[in-house]
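A look at the structure
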Amino acid sequence: MITLDDSARRALAWPGEPETPVERLSPQAARQQYLDGFAAAQHPPEEVASVEERNLEGLRLKIWRGKGAPATGAPALLYLHGGGWVIGAPETHEDICRILANAVGAVVVSPDYRLAPDHRFPAAVEDCAAALRWMVDEAATLGINPARIVVGGDSAGGNLAAVTALMARDGSVPAIIGQVLIYPVTDQSQTGQSYTDCAEGYGLTAAGMRWFRDHYVSQAEWDDWRASPLKAQSLAGVAPAIVILAGADVLFSEGKAYADRLASEAWCTTKIWPGQIHGFVSNGGRIPEAAEALAAIVAAWRAIDAAR
């Protein structure tokens, strides 16, 4: 039995929760439900130095320049939002992007990558790769140093960040100096022990994850490392990572397995909140431990940047 933090229990019992489970909704209805509800779980957005949008051949990119970010040569983060590859947008994770931009004095770019089931695997992977290439190509106009780019994301975005980091290692996209993986999806087979231990009652359910996965990838694609980075033959040479995990999360087992491989084959700092639930980092308005996780990310990012 998992003992939840008080804040996690309160979040799960918040008035108006639970929402209709995603597996009972159409993708369109699930997207709207998420857009209607995400802001209530978050702090009011921090002020940043500037916010803008760019368009890359139909791919919308949202950009936040943090307070204190230098006009040129700034560190940068490509942040890939969560939402099971089906829901979400840069705006649903804007609190994380603004906090990190200010705390590091950086530029954060988040692409509005194509969503399933309208655009199935590997469309999201392709869009994230395109966004990274664009950041390097436009480094001068963005005021960033292309040799100081980190990639990060949460949940499905953590999956895409891990995949992008592997692609950078292999040279199919520009090099990065680090990766931030927040409770990432790493194995589409969904056979980890946490799928049993946390199947229901902790927010994101096993049934919900099946719904997300089946909209994104076919069973024949589960073992493709671009869908399941845990299936990659080797993680050697991949950029240093920080992995943030919640103990009461269906994704805990596969996230821990990936973190363990990163620690063994590359370099990784793993931080676990045993009594927290999936999504706690973007629940800062209800869950104070979100600030602890973001502080750990900032510290790791700074250390990675200093060691580049």
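Everything numeric here is computed off the predicted structure, so don't read it as measured data. (Residues numbered from 1 in each chain as written. Predicted model: local features only at pLDDT ≥ 70, side-chain atom pairs only at ≥ 80, totals over all residues. Heavy atoms only, no water.)

Notes on the overall build of the protein chain
Selection rule: Each helix corresponds to a stretch of at least 4 residues labelled H or I by DSSP, and each strand to a stretch of at least 2 residues labelled E; elements are numbered beginning at the N terminus. Atoms counted for the radius of gyration: C-alpha only. Globule rule: 2.2 Å times the number of residues to the power 0.38. Remark: exposure states derive from per-residue accessible area (1.4 Å probe, protein chains only) relative to the maximum for the residue type, with buried under 20%, exposed over 50%, and partly exposed in between. Pairs of residues are marked as contacts when any of their non-hydrogen atoms sit within 4.5 Å. Note on areas: Shrake-Rupley, 1.4 Å probe, and residue coverage restricted to the protein chains presented here. In this count, Lys and Arg are taken as positive residues and Asp and Glu as negative ones, while His and the chain termini are left out. Charged side chains are reduced to one point each, which is NZ for Lys, CZ for Arg, CG for Asp and CD for Glu.
Counting its regular elements, the protein chain contains 10 helices and 8 strands. In terms of C-alpha radius of gyration, the protein chain reaches 18 Å, essentially the compact-globule figure of 19 Å for 308 residues. Projected onto the principal axes, the alpha-carbon positions of the protein chain cover approximately 50 × 40 × 35 Å. Counting every position in the protein chain, which comprises 308 residues, the buried fraction comes to 57%. Long-range contacts, defined as pairs at least 24 residues apart, comprise 79% of the intrachain contacts of the protein chain with a sequence gap of at least 6. Summed over its atoms, the accessible surface of the protein chain is roughly 11900 Å², and 51% of this surface lies on carbon and sulfur atoms. For the protein chain, the distance from the average site of its 25 positive side-chain charges to the average site of its 36 negative ones is 3 Å.

Describing the sheet that holds strand β1 (residues 50-56)
Stated precisely, the cut-off is as follows: Any two strands between which DSSP finds at least two bridges are classified as paired. Axis lines are fitted through C-alpha atoms, for helices just across the contact stretch, and the angle between N-to-C directions can take any value from 0 to 180 degrees.
Taken in spatial order, the 8 strands line up as β1-β2-β4-β3-β5-β6-β7-β8 in an open sheet, and their pairing is mixed. Bordering the open sheet on either side are β1 and β8 (268-277), each of which pairs with just one other strand. Across this sheet, the average inter-strand angle for adjacent strands is 20 degrees, counted without regard to direction. As defined by bridge partners, strand β6 (residues 178-182) adjoins strand β7 (residues 241-248) across 4 bridges and the pair is classed as parallel. Residue pairing in the sheet places I182 in a bridge with I244 of β7.

Looking at helix α3 (residues 94-104)
Within α3, 9 of the 11 residues are buried, which leaves the element mostly enclosed by the surrounding structure. Inspection of α3 places E94, D95, I96, C97, R98, L100, A101, N102 and V104 among the buried residues, and these make up the whole buried set. Check the buried side of α3 and you find it contacts β1, β2 (59-65), β3 (74-80), β4 (107-111) and α10 (289-307).

Details of the pattern of salt bridges
Stated precisely, the cut-off is as follows: The term salt bridge refers to a side-chain nitrogen of Lys or Arg lying within 4 Å of a carboxyl oxygen of Asp or Glu.
The final tally for this structure, using the stated rule, is 19 salt bridges. A salt bridge links D305 to R148; the nearest nitrogen and oxygen atoms lie 2.5 Å apart. Residue D305 is found in helix α10, and its partner R148 is found in strand β5 (residues 144-154); the two are separated by 157 residues along the sequence. A relative accessible area of 9% means that D305 is categorised as buried.

What to know about the state of the cysteines
Quick reminder of the rule: For this text, the term disulfide refers to a pair of cysteine sulfurs within 2.5 Å.
Taken as a whole and judged by the stated rule, the model has 0 disulfides. The thiol of C198 is not disulfide-bonded; the next cysteine sulfur, from C268, is found 20 Å away.

Let's talk about the pairing of β8
To be explicit about the condition: When the strands point away from the viewer and the connection leading from the first strand across the helix to the second strand turns clockwise, the crossover is called right-handed.
As paired strands, β7 and β8 are joined by 7 bridges and run parallel to one another. Note on β8: the bridge partner recorded for I244 is K271. Considered for its hand, the β-α-β crossover made up of β7, helix α9 (residues 252-265) and β8 is right-handed.

Side note on the packing of aromatic side chains
Formally: Between the rings of Phe, Tyr and Trp (Trp by its six-membered ring), a pair exists once the centres lie within 6.5 Å; its type follows the angle of the planes, with under 30 degrees stacked, over 60 edge-to-face, and the other angles tilted.
All told, the structure shown has 5 aromatic pairs when counted by the stated rule. Taking the centre distance of 4.4 Å and the plane angle of 0 degrees together, the rings of W85 and Y216 count as stacked. Of this pair, W85 sits in the loop between β3 and α3 while Y216 is found in helix α8 (residues 206-216), placing the two residues 131 residues apart along the sequence. Relative to F212, the ring of W211 lies with its centre 5.1 Å away and its plane at 75 degrees, an arrangement referred to as edge-to-face. You can call W211 buried: its relative accessible area is 11%. Judged by its relative accessible area of 6%, F212 is buried. Three or more aromatic residues link up through ring pairs in this structure, and these residues are W85, F121 and Y216.

So, the packing of α3 against α10
So the rule is basically this: Each angle is binned into one of four classes, with values under 35 degrees roughly parallel, values over 145 roughly antiparallel, values of 65 to 115 roughly perpendicular, and all other values oblique. The hand of a helix crossing depends on one turn: near helix anticlockwise from the far one by less than a right angle means left-handed, and clockwise means right-handed. The residue classification treats Ala, Val, Leu, Ile, Met, Phe, Trp, Tyr, Cys and Pro as nonpolar and Asp, Glu, Lys and Arg as charged. All others, Gly included, are polar.
Packing of α3 against α10 brings their axes to within 10 Å, and their N-to-C directions diverge by 45 degrees. By the angle between their axes, α3 is oblique relative to α10. Considering the relative orientation of α3 and α10, their crossing is right-handed. Together, I96, I99, L100, A103 and V104 of α3 and L294, I297, V298, W301 and R302 of α10 make up the contact between the two elements. When its residues are assigned to classes, the contact of α3 with α10 shows 9 nonpolar, no polar and 1 charged.

By themselves, these observations are geometric and do not establish any function.
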